[in-house]
Amino acid sequence: MSEGTTTIVIFGASGDLAKRKLVPALFTLAAKNRLDANVRIVGASRSTMSDDQFRESMWDALQEFSDLKNRRHDWDRFARRLHYIPADISNPEHFLNMKEHLEELEGDARPANRLFYLSIAPSLYLPAILNLGATDLALEDTGWRRVVIEKPFGWNLESAQALNREVHQVFKEEQVYRIDHYLGKESVQNLLVLRFANAIFEPVWNRNYVDNIQITVAESVDVADRAAYYDESGVVRDMVQNHLLQLLAMVAMEPPSAADAESLRSKKVDVLKAIRRWETDNVSNHAIRGQYEGYLDEKGVDPGSLTGTYVAMRLYVDNWRWRDVPFYLRTGKAMANKTSEIIVQFQSPPHLMFYDRKPDDLSPNVLSVCLQPNEGTHLRFQSKVPDQGMAMQPVDMEFSYETAFRDQSIPEAYELLLEDALQGDASLFIRSDHIEEAWRIVEPLLNWHEIRPPYQYDRGSWGPKAADWLLAQDGRSWVLVCGGS
Ligand code: BG6
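Criteria and cut-off values
- Residues numbered from 1 in each chain as written.
- Predicted model: local features only at pLDDT ≥ 70, side-chain atom pairs only at ≥ 80, totals over all residues.
- Heavy atoms only, no water.
- Helix = DSSP H or I, 4+ residues; strand = E, 2+ residues; numbered from the N terminus.
- Buried < 20%, exposed > 50% of the residue type's maximum accessible area, 1.4 Å probe, protein only.
- Contact = heavy atoms within 4.5 Å.
- Phe/Tyr/Trp six-rings, centres within 6.5 Å; stacked < 30°, edge-to-face > 60°.
- Lys NZ or Arg CZ within 6 Å of the ring centre and 35° of its normal.
- Pairing = 2+ DSSP bridges.
- Axes fitted to C-alpha atoms, helices over the stretch in contact; angles between N-to-C directions.
- Arc of directions from axis to C-beta.
- Parallel < 35°, antiparallel > 145°, perpendicular 65-115°, else oblique.
- Nonpolar A, V, L, I, M, F, W, Y, C, P; charged D, E, K, R; others polar.
- Near = heavy atom within 4 Å.
- Polar contact = N/O pair within 3.5 Å; in protein donor to acceptor, adjacent residues only side chain to side chain.
- Core = buried A, V, L, I, M, F, W, Y, C linked by side-chain atoms within 4.5 Å.
- Salt bridge = Lys/Arg side-chain N within 4 Å of Asp/Glu carboxyl O.

1. Thoughts on the side chain of asparagine 242
Relative to the assigned elements, asparagine 242 resides in helix H8 (residues 227-252). Residue classification places asparagine 242 among the buried residues on the basis of a relative accessible area of 5%. Look past the residues within four positions of asparagine 242 in its chain and what remains in contact with it is Lys151, Asp180 and Arg237.

2. Re the packing of aromatic side chains
In this structure the tally under the stated criterion is 16 aromatic pairs. For the pair phenylalanine 11 and phenylalanine 95, a centre-to-centre distance of 5.7 Å together with 20° between the ring planes defines the contact as stacked. Highlighted residues: phenylalanine 11 in strand E1 (residues 5-11) and phenylalanine 95 in helix H4 (residues 92-106), separated in sequence by 84 residues. Phenylalanine 95 matches phenylalanine 11 in its accessibility class, with the two residues each being buried. Taken together through their ring pairs, the aromatic side chains of Phe27, Trp59, Trp75 and Phe78 make up a single cluster. Above the ring of tryptophan 59, the side-chain terminus of arginine 72 is found at 4.6 Å from the ring centroid. Note that arginine 178 overlies the ring of phenylalanine 153, its terminal NZ or CZ placed 4.9 Å from the centroid.

3. Regarding the sheet that holds E1
Taken together, the six strands give an open sheet; going across it, the order is E3-E2-E1-E4-E5-E6, and neighbouring strands pair in parallel fashion. Two strands lie at the open edges of the sheet, namely strand E3 (82-86) and strand E6 (176-178), each paired on one side alone. For this sheet, the mean inter-axis angle between neighbouring strands, taken without regard to orientation, is 20°. Of the strand pairs in this sheet, strand E2 (residues 39-45) and E3 are connected by five bridges, and their pairing is parallel. Residue pairing for E3: glycine 43 is matched across the bridge by tyrosine 84. Across the sheet, helix H2 (residues 51-65) lies against E2 and E3, angled at about 115° from E3, the strand it touches most. Sheet strands touched by helix H5 (residues 125-134): E1, strand E4 (112-118) and strand E5 (145-149). Its angle to E4, the strand with the most contacts, is close to 160°.

4. Some remarks on the environment of alanine 160
As for its placement among the helices and strands, alanine 160 is situated in helix H6 (residues 157-170). Given a relative accessible area of 0%, alanine 160 falls into the buried group. If we ignore the near neighbours within four places in the chain, the residues touching alanine 160 are Phe153, Gly154, Ile435, Glu436 and Trp439.

5. Some words on helix H7 (residues 186-196)
Taken as a whole, H7 has its buried residues at Ser187, Val188, Leu191, Leu194 and Arg195. Projected onto a plane normal to the axis of H7, the buried residues spread over an arc of 105° and lie on a single side.

6. A short note on the packing of helix H1 (residues 16-31) against helix H3 (residues 72-79)
It is the contact of H1 with H3, at a shortest axis distance of 10 Å, that shows an interaxial angle of 100°. Here H1 lies roughly perpendicular to H3, going by the angle between them. For the pair H1 and H3, contact is made by Val23, Leu26, Phe27 and Ala30 and by Asp74, Trp75 and Phe78, respectively. Grouping the amino acids of the contact of H1 with H3 by side-chain chemistry returns six nonpolar, no polar and one charged.

7. Section: the site of the ligand
If you check the shell around the ligand, you find Lys151, His181, Tyr182, Lys185, Glu219, Arg226, Asp238, Met239, His243, Lys333, Lys338 and Gln372 and nothing else. Between the ligand and lysine 333, the relevant distance is 2.7 Å, taken from an oxygen atom to a side-chain nitrogen or oxygen of the residue. The biggest single contributor to the shell around the ligand is H8, with three residues. Each residue belonging to the shell around the ligand can be placed in one class, and the counts come to two nonpolar, three polar and seven charged.

8. A look at the nonpolar core
In this structure, Phe11, Trp75, Phe78, Leu248 and Phe327 are the most contacted members of the largest nonpolar core, which totals 144 residues. Broken down by element, the residue count for this core peaks at 14 residues, all from H8. Beyond its immediate sequence surroundings of up to four residues, phenylalanine 78 is in contact with Val23, Leu26, Phe27, Ala30, Leu35 and Ile41.

9. Comments concerning the pattern of salt bridges
Scanning the entire structure with this criterion turns up 35 salt bridges. Residue lysine 32 is joined to glutamate 415 by a salt bridge in which the shortest nitrogen-to-oxygen separation is 2.7 Å. Remark: glutamate 415 occurs in helix H12 (residues 413-423) and lysine 32 occurs in the loop between H1 and E2; sequence separation between them is 383 residues. With a relative accessible area of 5%, glutamate 415 lands in the buried category. Aspartate 238 is the partner of lysine 151 in a salt bridge, and the nearest nitrogen-oxygen pair spans 3.4 Å. Taken together, the residues lysine 151 in the loop between E5 and H6 and aspartate 238 in helix H8 connect sequence positions 87 residues apart. Judged by its relative accessible area of 21%, lysine 151 falls in the partly exposed class. Among the charged side chains, a network of salt bridges with common partners joins Lys151, Glu219, Arg226, Asp238 and Lys333.

Printed below as a string of structure tokens:
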């Protein structure tokens, strides 16, 4: 019996994601000797191309979009693993042709595993899956079969449920890898280590000590050349339903008993289930939405569009650990800085013995987790200013990846996610019940335009003023430690 083989089939191989992220990630893994020699990559899309033309187009993309330039020698070795099969997703004939082609490439190597990566428009997920099923490409006859599905998974709760049902007609849940690339970020995974591999944080990580938690994912870029997609989708579908709720779940989850996929994912789903639900008519009390100035002039945007490019919201997690601790979430485009950070703001000390100062006069302790850029963790606490009596000042204790791990660079999220999918580790992928629960939470926000138009905010600002009022009503304000003020 010959050695086994694994084929990664990338549907949508001439698209942006394949060029910017997937192929560079696979190339990097190969260069790090982390991609088995028997893994090959088959690109599939509608264009007609030879293997060599495909290889060259991926090399060109590498020059344009990645830091992996001038590595022609390594590339030539890697490129031998690349193949191309033209395929129209809606045409079952093309899938039959692909099957033959794959069998030819696999020869008599066993097992012959296949990882299908759907890097295509969401409207094509269903036909792709149905055709994989109809042509037995998904059949686990000669090896395992897995499917990786990009976001957005569904457009709302109903469509996500329908898609899950259809996917399960062809693939068992354990064969399905729904991606949220935030989970592949080093600093996001470090949340688990910070919380569960240290003894000092977990005892205070609850409603007895924490005043509020803030999650900011600010982007300085605008919608640029994705305007047409973005105008349809908007900020809630693009960022909140997936990335922000994932971050919230990682921060709020209970410690899992083991690091396996089911234990981890079940704890995250528990958090989502505990989130207090809004009714559509009280959404505006808890969330505000913005649109950056000039958005309506972007090419591809409907000039009367009410699509939000920014959102800020207050959520509560109704369980023993978090009851009544507000979680403030915000994200937006065209903002002052690119920064993703999590702020855990602690309560003020119960009593201050220094002069006539009251505990509320001091800024409270803050643990801030900088997810990107400047990945690291800061702990802010009060310190005595030298030689000024009992004057106090907040100071930061800092850990930064750059200085602590000088010799190691932070990998791209897709490297790890692809590696995990190949190894059959689904911990960093989203289970069907998580997807549906997340849609349930944001559902009242999806029909927002019927309630009120978005607030305008200036490009390069921190979003609409109304987002500040949201916190001011609670006697609080937004805090940023890593990414500006
Ligand atoms: C994507 C969104 O999922 O995440 C984009 O569709 C957004 O709109 C991007 O820009 C942000 O990812 P990152 O890794 O740059 O924070």
